[in-house]
Amino acid sequence: MPFKNLISGYKSFHKNYFGGRKKLFKALVRDGQAPETLIISCSDSRTDPAVLTNSSPGDIFVVRNVAAIVPPYKTDSTHHGTSAAIEFAVRTLKVKHIVVMGHSFCGGCRALAEKEVLRGQYEFLSRWMEIGSPALEKVERELGGAPEDVKRRALEQALVLVSLGNLLTFPWIKSAVEAGVVELHGWYFDLETGELLSYRDSAKTFEEI
Ligand SMILES: [Zn+2]
């Protein structure tokens, strides 16, 4: 979409969407936000969680980054944008659900699979995608000889599980999950079929919601 269309799109939003939901926006200003769900998804322009869950403003708290990755818990002196957003959602907004949503044809996962990012030519991306190394190792170990598209999909889904595991390294998430206050979910959006799959721990697979 050309940039100028964003401006006309905004004008249409302000007149029609905002104009038709003045009560909702007024309530969100008066009462603040109280979303029940945090969704961590990829920055990919094709995978907007609000669009594919048909959500309204105030419904979901969203963190988007390259490949929908949750880094492990670390309180060092570097900046942790994703961890800060997760902290705010869990400790202040007190969300009840945390969703990690991966997707098919993920560029971040492709770069990880081709080890392009791991060669270190990027200033930030390489170290970021290194977080996904355990997912890559798992897929290479278990599906070494499989066709590339099968391995790619497996990597995208394995990365969701790595992120879910990393969520549990945050002590206040681990305790909230153990107390039954917060529930974790792994989702996978299939761009070709438009289907949303959810990880079922009992079956160890992603199945349509
Ligand atoms: Zn992606």
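Residues numbered from 1 in each chain as written. Predicted model: local features only at pLDDT ≥ 70, side-chain atom pairs only at ≥ 80, totals over all residues. Heavy atoms only, no water.

Draft legend 1. Molecular detail of the sheet that holds strand β5 (residues 196–200). Overall, mixed pairing links the six strands, which are arranged β2-β1-β3-β4-β5-β6 in an open sheet. Since the sheet does not close on itself, it has two edges, and those belong to β2 (60–65) and β6 (205–208), each with one partner. Here the strands of the sheet are splayed against their neighbours by 30° on average, with no regard to which way each runs. In the sheet, strand β4 (residues 183–189) pairs with β5 via three bridges, with the strands oriented antiparallel. (Pairing = 2+ DSSP bridges. Helix = DSSP H or I, 4+ residues; strand = E, 2+ residues; numbered from the N terminus. Axes fitted to C-alpha atoms, helices over the stretch in contact; angles between N-to-C directions.)

Draft legend 2. Quick peek at the environment of Tyr17. Within the element layout of this structure, Tyr17 appears in helix α1 (residues 3–20). You can call Tyr17 partly exposed: its relative accessible area is 25%. With residues near it in sequence (within four places) discarded, Tyr17 still touches Ser12, Phe25, Ser55, Ser56 and Pro57. (Buried < 20%, exposed > 50% of the residue type's maximum accessible area, 1.4 Å probe, protein only. Contact = heavy atoms within 4.5 Å.)

Draft legend 3. Inspection of the pairing of strand β1 (residues 37–42) at higher detail. Of all six residues in β1, six are buried; the element is thus mostly enclosed. The pairing of β1 with β2 spans six bridges and is parallel. Counted as the bridge partner of Leu38 is Phe61 from β2.

Draft legend 4. Geometry of the pattern of salt bridges. Inspection of the entire model under this criterion finds twelve salt bridges. Glu140 is the partner of Lys115 in a salt bridge, and the nearest nitrogen-oxygen pair spans 2.8 Å. Here Lys115, found in the loop between α5 (107–113) and α6 (125–130), pairs with Glu140, found in helix α7 (residues 133–143); they are 25 residues apart in sequence, far enough to count as distant. On the basis of relative accessible area, Lys115 is assigned to the partly exposed category, the value being 35%. On the basis of relative accessible area, Glu140 is assigned to the partly exposed category, the value being 38%. In this structure, the salt-bridge partner of Lys138 is Glu142, at a minimum N-O distance of 3.4 Å. Taken together, the residues Lys138 and Glu142, both in helix α7 and four residues apart, mark about one turn of the helix. (Salt bridge = Lys/Arg side-chain N within 4 Å of Asp/Glu carboxyl O.)

Draft legend 5. Summary view of the coordination of the zinc ion. Within the first shell, the zinc ion binds the protein through Cys42 (SG), His103 (NE2) and Cys106 (SG), at distances of 2.1 to 2.3 Å. Here the donor residues for the zinc ion map to a single chain with the spacing C-x60-H-x2-C. Highlighted residues: Cys42 in strand β1 and Cys106 in the loop between β3 (97–103) and α5, separated in sequence by 64 residues. (Donors = N, O, S within 2.8 Å, 3.2 Å for Na, K, Ca; no water.)

Draft legend 6. Spatial organisation of the side chain of Ser198. Checked against the element boundaries, Ser198 lands in strand β5. Dropping the residues within four chain positions of it, Ser198 is found in contact with Gly186, Trp187, Thr205, Phe206, Glu207 and Ile209.

Draft legend 7. Structural view of the layout of surface pockets. Here the largest pocket is characterised by a volume of approximately 570 Å³. If you go around the largest pocket, you meet 19 residues; those closest to its centre are Thr78, His80, Arg127, Trp128 and Ile131. Breaking the lining of the largest pocket down by element, the ones donating at least two residues are α4 (81–92), α6 and α8 (148–167). Taken together, the residues of the lining of the largest pocket sort by class into seven nonpolar, seven polar and five charged. Reported here for the second largest pocket is a volume of approximately 290 Å³. The wall of the second largest pocket is formed by 13 residues, among which Leu164, Leu184, His185, Tyr199 and Asp201 lie closest to the centre. Where the lining of the second largest pocket is concerned, the elements lending two or more residues are α8, β4 and β5. Looking at the lining of the second largest pocket, the element that brings in the most residues is β4, giving four residues. The residue inventory of the lining of the second largest pocket, partitioned by class, reads six nonpolar, four polar and three charged. (1 Å grid on protein atoms, 1.4 Å probe; cavity = no way out; pocket = protein on both sides within 12 Å on 5 of 7 lines; lining within 4 Å. Points joined across faces, edges and corners; volume = space filled by probe spheres on them. Nonpolar A, V, L, I, M, F, W, Y, C, P; charged D, E, K, R; others polar.)

Draft legend 8. Geometry of a nonpolar patch on the surface. A surface patch of nonpolar side chains, about 490 Å² in accessible area, is lined by Met1, Phe3, Leu6 and Ile7. Turning to its location among the elements, Ile7 is positioned in helix α1. Since its relative accessible area comes to 41%, Ile7 is described here as partly exposed. (Patch = residues over 30% accessible without salt bridge, like charges linked within 9 Å, V, L, I, M, F, W, Y side chains within 5 Å. Areas by Shrake-Rupley, 256 points an atom, 1.4 Å probe, with all protein chains shown as cover.)

Draft legend 9. Expanded view of the environment of Pro35. With respect to the helices and strands, Pro35 occurs in the loop between α2 (22–31) and β1. Residue Pro35 is classed as buried on the basis of its relative accessible area of 3%. Expressed as a C-alpha distance, the spacing of Pro35 and Val95, which sit 60 residues apart in the sequence, is 6.5 Å. When neighbours within four sequence positions are excluded, Pro35 is seen to be in contact with Gly58, Asp59, Ile60, Phe61, Leu93 and Val95.

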